[in-house]
Amino acid sequence: MCNPLTPDAYRTIHAGNDDPGASGRKQEFPPAPEPLPVPVMDNHTHLDYPDGKAPVALKAALDAAAAVGVQGAVQVGCDLESSRFTVQAVEQDERLLGAVALHPNDAPRYAARGELEDALGEIERLAKHPRIRAIGETGLDFFRTKGEGLAHQKYSFRRHIDIAKRLDLTLQIHDRDAHSEVVQVLREEGAPERVVFHCFSGDEELAKICNSEGWWMSFAGTLTFKNASNLRAALAVADPGLVLVETDAPFLTPHPYRGRPNASYVVPYTVRAMAELTNMDLGRLCAGITENTVRAYGSWAA
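In what follows, the accompanying structure is described. On a predicted model such as this, the values are computed, not experimentally measured, just so you know. (Residues numbered from 1 in each chain as written. Predicted model: local features only at pLDDT ≥ 70, side-chain atom pairs only at ≥ 80, totals over all residues. Heavy atoms only, no water.)

**Regarding the side chain of histidine 160**
- Looking at the secondary structure, you find histidine 160 in helix 6 (residues 149–167).
- When near neighbours in sequence (up to four residues on either side) are disregarded, histidine 160 contacts Ala101, Leu102, Leu120, Ile123, Ile135, Thr138 and Leu171. (Helix = DSSP H or I, 4+ residues; strand = E, 2+ residues; numbered from the N terminus. Contact = heavy atoms within 4.5 Å.)

**Some points on the sheet that holds strand 4 (residues 132–141)**
- Taken together, the eight strands give an open sheet; going across it, the order is 1-2-3-4-5-6-7-8, and neighbouring strands pair in parallel fashion. Each edge of the open sheet carries a strand with a single partner, namely strand 1 (40–45) and strand 8 (243–245). Strand-to-strand twist in this sheet, taken as the mean axis angle between neighbours without regard to direction, amounts to 30 degrees.
- Bridge count between strand 3 (residues 96–100) and strand 4: three bridges; the pairing is parallel. Counterpart to glycine 98 in the pairing with strand 4 is isoleucine 132.
- With respect to the sheet, helix 6 is in contact with strand 4 and strand 5 (170–176), its orientation differing from that of strand 4 by roughly 155 degrees. (Pairing = 2+ DSSP bridges. Axes fitted to C-alpha atoms, helices over the stretch in contact; angles between N-to-C directions.)

**Re the packing of aromatic side chains**
- Following the criterion strictly, the structure yields six aromatic pairs and no others.
- Measuring from centroid to centroid gives 5.6 Å for tyrosine 49 and phenylalanine 251, while their planes differ by 80 degrees, and the two rings are edge-to-face. Taken together, the positions of tyrosine 49 in the loop between strand 1 and helix 2 (58–66) and phenylalanine 251 in the loop between strand 8 and helix 10 (267–278) put the pair 202 residues apart, joining distant regions of the chain.
- Cluster of aromatic residues (ring-pair linked, three or more members): Phe197, Phe200, Trp215 and Phe219.
- For the cation-ring pair, arginine 113 lies above tyrosine 110, with the distance from its terminal atom to the ring centre recorded as 4.9 Å. (Phe/Tyr/Trp six-rings, centres within 6.5 Å; stacked < 30°, edge-to-face > 60°. Lys NZ or Arg CZ within 6 Å of the ring centre and 35° of its normal.)

**A word on the packing of helix 5 (residues 116–126) against helix 6**
- As a packed pair, helix 5 and helix 6 sit with axes 11 Å apart at the nearest point and diverge in direction by 25 degrees. Here helix 6 runs roughly parallel to helix 5, going by the angle between their axes. Viewed along their axes, helix 5 and helix 6 form a crossing whose handedness is right-handed. Contacts from Leu116, Glu117, Leu120, Ile123 and Glu124 of helix 5 reach helix 6 at Tyr155, Ser156, Arg159, His160, Ile163, Arg166 and Leu167.
- A per-class count over the contact of helix 5 with helix 6 returns six nonpolar, two polar and four charged. (Parallel < 35°, antiparallel > 145°, perpendicular 65-115°, else oblique. Left-handed = near helix turned anticlockwise from the far one by under 90°. Nonpolar A, V, L, I, M, F, W, Y, C, P; charged D, E, K, R; others polar.)

**Description of helix 9 (residues 229–237)**
- Of all the positions in helix 9, only Leu231, Ala234 and Leu235 are classed as buried. Relative to the axis of helix 9, the buried residues are bounded by an arc of 100 degrees and lie together on one face. Of the residues in helix 9, the exposed ones pointing more than 90 degrees away from the buried face are Ser229 and Ala236. (Buried < 20%, exposed > 50% of the residue type's maximum accessible area, 1.4 Å probe, protein only. Arc of directions from axis to C-beta.)

**Thoughts on unusual backbone geometry**
- With an omega dihedral of 10 degrees, the bond running from glycine 136 to glutamate 137 counts as a cis peptide bond.
- Along the chain, glutamate 137 falls in strand 4.
- With omega at 10 degrees, the peptide bond leading from histidine 255 into proline 256 counts as cis.
- Along the chain, the position of proline 256 falls in the loop between strand 8 and helix 10.
- Even without being glycine, aspartate 248 reaches a positive phi, approximately 55 degrees.
- Considering the arrangement of structural elements, one finds aspartate 248 in the loop between strand 8 and helix 10.

**Things to note about the pairing of strand 7 (residues 216–219)**
- Residues of strand 7 alternate between two faces, with Trp216 and Ser218 on one and Met217 and Phe219 on the opposite face, all of them buried.
- Summarising the sheet, strand 6 (residues 195–197) and strand 7 pair through two bridges and their orientation is parallel. Bridge pairing links phenylalanine 197 to methionine 217 in strand 7.
- Crossover connection from strand 6 via helix 8 (residues 204–213) to parallel strand 7: handedness right-handed. (Right-handed = clockwise from strand over helix to strand, strands pointing away.)

**A look at helix 6**
- Compared with an ideal rise of 1.5 Å per residue, which puts 19 residues at 27 Å, helix 6 spans 27 Å between its outermost C-alpha atoms and is within 8% of the ideal.
- When we look at burial in helix 6, the residues that qualify are Gly149, Gln153, Ser156, Phe157, His160, Ile161, Ile163 and Ala164. Projected down its long axis, helix 6 carries its buried residues within an arc of 160 degrees, all on one side.
- Where the residues of helix 6 are buried, they touch helix 4 (107–112), helix 5, strand 4, strand 5 and helix 7 (179–189).
- One or two steps after helix 6, the chain reaches aspartate 168, where phi turns positive at roughly 55 degrees. (Expected span 1.5 Å × (residues − 1).)

**Description of the packing of helix 3 (residues 80–92) against helix 5**
- At a minimum axis separation of 10 Å, helix 3 and helix 5 run at an interaxial angle of 10 degrees. In terms of axis orientation, helix 3 runs roughly parallel to helix 5. The segment helix 3 lies against helix 5, with Leu80, Ser83, Arg84 and Val87 engaging Ala119, Glu122, Ile123 and Leu126.
- Within the contact of helix 3 with helix 5, the residues separate by chemical class into five nonpolar, one polar and two charged.

Shown next as structure tokens:
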């Protein structure tokens with residue numbers, strides 16, 4: 001039987017997480033899963049995002065992850081503030097690598113203030129830190145951005161692709177309701193050598209495109225949602241050498257804890273679901289995910 005995190009550990013990771021708040025949403029963390037037989041990495045998390053009344057305590061979050069076989073993570077920036085935090089975070093703990101970018105939904109806001117070019121310039125400067133290994137998350141989001149903002153979003157995406165190529169960094173894609181357009185832009189611009197579809201949201205068709213292009217598909221807790229048959233179909237055809245795992249914490253907590261706060265220590269729930277869906281030995285799957293993650297981002301020890 002899995003042992004839950006202690007109340008002290010919960011409070012250390014997120015102060016105030018046991019307060020359901022006005023919405024009535026359960027804010028207690030899920031119980032700690034059984035440790036994985038082979039360690040993996042969470043290749044997309046947001047340690048600076050509060051999910052309660054206080055931000056994550058970085059060391060405590062990574063200690064909780066390590067205790068269940070999640071030996072490292074990629075901290076991801078979405079705007080200038082979170083990208084600056086990312087650079088600070090990777091300097092504080094060697095279990096972290098980083099990604100910096102302007103999120104597709106934030107790019108139009110910078111453009112509206114006349115600050116997009118300066119912001120892109122700072123992203124490029126931040127990306128030169130040796131432990132920043134990716135430009136992300138960037139891409140297209142047709143769910144939240146509409147109208148004239150889409151032009152700024154597409155321009156920003158193309159600029160991020162250029163930065164990733166010139167700095168030889170991995171590109172982390174945010175793709176929401178924009179599969180064909182994301183693929184089109186990548187092909188028009190010429191994709192970087194390493195591309196990761198963060199929180200893969202496509203279907204079997206997009207998975208086959210990723211297989212042919214050599215693009216990694218990163219599966220999150222959404223894979224376990226009842227309405228995610230498209231993701232399960234995609235995983236079934238995905239090249240095992242292109243499969244990664246992530247939390248997108250504090251969002252997208254896997255079933256049966258959907259709606260609760262997420263954190264890197266929750267990764268094993270998703271990995272075990274992946275093993276069950278693919279009929280793959282859990283240890284073999286974990287070893288493959290780790291190898292793929294290092295290929296995508298480089299060594300955490302470097």
